[in-house]
Amino acid sequence: MELTAGAGERAGFVSPNWVTTRLDDLVNWSRANSLWPMAFGTACCAIEFMATAASRFDLARFGMERVAYSPRQADVLICAGRLPFKLAPVIRRIWDQMPQPKWCISMGACASTGGIFDNYAMVQGIDTIVPVDVYVPGCPPRPEGLLYGIMLLQKKIKRETVFDPTLRVEQLANEHGLFLEPAAVDELSEPFGNSVQQTRSA
Amino acid sequence: MTAAVNESSSAAALRAAFGAAIGRSAVVHGATIVHVSRERAHEILAWLRDTPGERYDYLTDVTAVEYRDRERPLEVVYQLRSIPRNAFLRVKIELDRSGPLEVDSVVDLWQGANWLEREVWDMFGIRFAGHPDLRRILMWETYDEGHPLRKDFPLRGRFSRAEQVRRALGADLAAHYSMGELSIAEAYDALPADMRQRLKDEAGAGGSA
């Protein structure tokens, strides 16, 4: 945040009691630096998340002092691990229970793309269920990786404006019972990399 | 080798008691495997549990195997353990693909078979006649794509990803994660008398404390 105390200094007085700043800067600064995470840990990524939260890497340095474990008091959903279809309605309900403003970090290869689990039981990327702001690659990502993802999210938040109402609109299921068009879900779920040659019947 | 010969004594005893209902048997890596007929499997397993010389009192696992060779029958596998005798026995039932994929439930012999048989039903589509509560256990109850561990099941499922996500999101959470599922209250009458007494005592002690 840029404080405009310089002008006062030039005019010959500095007050300790007030500053002027842009509202966006102030709001975004406070939001970005007190992100309370809602950890949704399903697999080994959750172990790395725990390491990130513990003393050596210390998530609290970035304003994430309190890991919420309650969606109603959380700002950022961190999906750490693979998401089976059976848990899809659970993560969606948690996301719906979180109050605005809220963001989502998809931690690790499985949460982001399904990873190695390109099979009948696994959601191929949580972005087919909830909107994702930052994808953290890795299998699992090291704590530094997650911290970098969090810092990217903070950067993103600092570029938002409180005057854009579209940023905070609650997303409702469409007529297909999905949050994306079916074709988009299919496309996001397509195999990639080494498995492009495989077909659904393989 | 003496241990292996000793292990297969159960196979010999089975053959003496049940004759033609016992198929081939083998000792593989020290584990005795006995094939039994589908029709008499329940009777044979009950005999293995109750006969003084056998006493396989603990059912470690129930599972099934489908081989890649389409000609081979499916197998239901019971992994038995005798705690007093420190012995293992693997009992297999072969199920012909043309016939009904059904065997008799052993929940009446070992309570622990309940969830194991549900898992085999869920993953392989093998029914267990007489099971008290035969429904899916790993996949959700409205799962409609078949039995995933069968060889003819496509790796990514039968429906499109969009359809899979749609069905998953449409699942009724409360129907699958109710506290009632975790309750042991209705199992109370099936518990042994000493355990019932202990629970009663604990409840009494907790009430006064």
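About the cut-offs
- Residues numbered from 1 in each chain as written.
- Chains lettered and ligands numbered in written order.
- Predicted model: local features only at pLDDT ≥ 70, side-chain atom pairs only at ≥ 80, totals over all residues.
- Helix = DSSP H or I, 4+ residues; strand = E, 2+ residues; numbered from the N terminus.
- Buried ≥ 20, exposed ≤ 12 C-beta atoms within 10 Å, placed from the backbone.
- Contact = placed C-beta atoms within 7 Å.
- Axes fitted to C-alpha atoms, helices over the stretch in contact; angles between N-to-C directions.
- Parallel < 35°, antiparallel > 145°, perpendicular 65-115°, else oblique.
- Left-handed = near helix turned anticlockwise from the far one by under 90°.
- Nonpolar A, V, L, I, M, F, W, Y, C, P; charged D, E, K, R; others polar.
- Core = buried A, V, L, I, M, F, W, Y, C linked by C-beta atoms within 7 Å.
- Pairing = 2+ DSSP bridges.
- Right-handed = clockwise from strand over helix to strand, strands pointing away.
- Expected span 1.5 Å × (residues − 1).
- Arc of directions from axis to C-beta.
- pLDDT = per-residue confidence, 0-100.

Asks: Explanation requested: the overall build of chain A in the structure shown.
Replies: For chain A, the count of helices and strands is seven helices and four strands. In sequence order, chain A lays out its α and β elements as α-α-β-α-β-α-β-α-β-α-α. Each of the 202 residues in chain A was classed as buried or not, and the buried ones make up 33%. Pairs at least 24 residues apart make up 76% of the contacts formed inside chain A by residues separated by at least 6 positions.

Asks: Teacher, can you tell me more about the overall build of chain B here?
Replies: Summing up its helical and strand segments, chain B has seven helices and seven strands in all. Ordered by position in the sequence, the α and β elements of chain B form the string α-α-β-β-α-β-β-β-β-α-β-α-α-α. Taking all 209 residues of chain B together, the buried fraction comes to 24%. Across chain B, the fraction of contacts at a sequence separation of at least 24, relative to all contacts at a separation of at least 6, is 48%.

Asks: Is there a simple way to think about the packing of helix α4 (residues 88–97) of chain A against helix α5 (residues 161–169) of chain B in this case?
Replies: Think of two packed helices as two axes; the pair is described by the angle between the axes and how far apart they sit. Relative to each other, α4(A) and α5(B) sit at 65 degrees, their axes nearing to 8 Å. It follows from the interaxial angle that α4(A) and α5(B) lie roughly perpendicular. Between α4(A) and α5(B) lies a crossing of right-handed hand. On α5(B), the residues that touch A:A88, A:P89 and A:R92 of α4(A) are B:V165, B:A168 and B:L169. Of the residues belonging to the contact of α4(A) with α5(B), the class tally is five nonpolar, no polar and one charged.

Asks: Looking at this model, I keep getting lost on the nonpolar core. Mind explaining?
Replies: Taken as a class, soluble globular proteins show a tendency for nonpolar side chains to be buried jointly. Core analysis: the largest hydrophobic core is formed by 46 residues, its most contacted members being A:V76, A:L77, A:I78, A:C79, A:A88, A:I91 and A:M107. The element contributing the most residues to this core is strand β2 (residues 76–80) of chain A, with five residues. Each residue touching A:V76, except ones within four places of it in the same chain, is listed here: A:L35, A:P37, A:M38, A:K102, A:W103, A:C104, A:I105 and A:L153. B:Y78, B:I93, B:V106 and B:I126 belong to the second-largest nonpolar core, a separate cluster that totals 29 residues.

Asks: What am I meant to see in the pairing of β2(A) here?
Replies: Consecutive side chains of a regular strand alternate in pointing toward one face of the sheet and then the other. All names here are of chain A. Burial of β2 is extensive: five of the five residues sit out of reach of the surface. Burial along β2 is two-sided: V76, I78 and A80 facing one way and L77 and C79 facing the other are all buried. Two strands pair when backbone bridges link them, and strand β1 (residues 37–41) and β2 are joined in this way by five bridges, in the parallel orientation. Bridging across to β2, M38 finds its partner in L77. Considered for its hand, the β-α-β crossover made up of β1, helix α3 (residues 44–53) and β2 is left-handed. Bridge count between β2 and strand β3 (residues 103–107): five bridges; the pairing is parallel. Across the sheet, C79 pairs through a bridge with S106, a residue of β3. Handedness of the β-α-β unit built from β2, α4 and β3 comes out right-handed.

Asks: When you look at unusual backbone geometry in this model, what are you seeing that I'm missing?
Replies: The bulk of non-glycine residues show a negative phi, and the bulk of peptide bonds are trans. A:Q100 connects to A:P101 through a cis peptide bond whose omega is 0 degrees. By the element assignment, A:P101 lies in the loop between α4 and β3. Cis geometry marks the peptide bond from A:C139 to A:P140; its omega dihedral reads -15 degrees. Its place among the elements puts A:P140 in the loop between β4 (134–136) and α6 (143–158). Its identity is not glycine, yet B:R55 carries a phi of approximately 50 degrees, on the positive side. Relative to the helices and strands, B:R55 resides in the loop between α3 (41–50) and β3 (58–65). For B:N86, which is not a glycine, the phi torsion comes out positive at approximately 55 degrees. Following the sequence through the fold, B:N86 ends up in the loop between β4 (74–82) and β5 (87–95).

Asks: Honestly, α6(A) in this entry has me stumped. Any pointers?
Replies: Structural remark: α-helix, 3.6 residues per turn; residues separated by three or four positions point the same way. Residue and element names in this part refer to chain A. For α6, spanning 16 residues, the distance from its first C-alpha to its last is 23 Å, which sits close to the expected 22 Å at 1.5 Å a residue. When we look at burial in α6, the residues that qualify are L146, G149, I150, L153, Q154 and I157. Looking straight down α6, one finds its buried side chains confined to an arc of 145 degrees; they lie on one side. The outward face of α6, more than 90 degrees from its buried face, is lined by the exposed residues E144 and K155. The secondary structure elements touched by the buried residues of α6 are α2 (23–32), α3, β2, β3 and β4.

Asks: So what exactly am I meant to see when it comes to the sheet that holds β4(B) here?
Replies: Remark on secondary structure: sheet strands pair via backbone hydrogen bonds, oriented parallel or antiparallel. Residue and element names in this part refer to chain B. The strand order across the open sheet built from five strands is β1-β2-β5-β4-β3, with neighbouring strands paired in mixed fashion. Looking at the sheet topology across the chains shown, the edges are occupied by β1 (22–28) and β3. On average, each strand axis in the sheet is inclined to that of its neighbour by 20 degrees, with strand direction left out of account. For β3 and β4, the ladder comprises seven bridges, and the chain directions are antiparallel. Residue pairing across strands places V65 opposite E75, the latter belonging to β4.

Asks: Before we go on, may I ask you to explain the confidence of the model for chain B in this structure?
Replies: The predicted coordinates ought not to be read in detail in places where the model reports low pLDDT. Put simply, chain B has an average pLDDT of 84, and 87% of its residues get 70 or more. The ipTM for the predicted assembly is 0.80, set against a pTM of 0.79.

Asks: Any chance you could explain the sheet that holds β4(A) here in plain terms?
Replies: All names here are of chain A. Taken in spatial order, the four strands make up an open sheet running β1-β2-β3-β4, and their pairing is parallel. A single partner strand is all that each edge strand has here, and the edge strands are β1 and β4. Strand-to-strand twist of the sheet, defined as the mean angle between neighbouring strand axes without regard to direction, takes the value 15 degrees. Along the sheet, α6 makes contact with β2, β3 and β4, crossing β4 at roughly 170 degrees.

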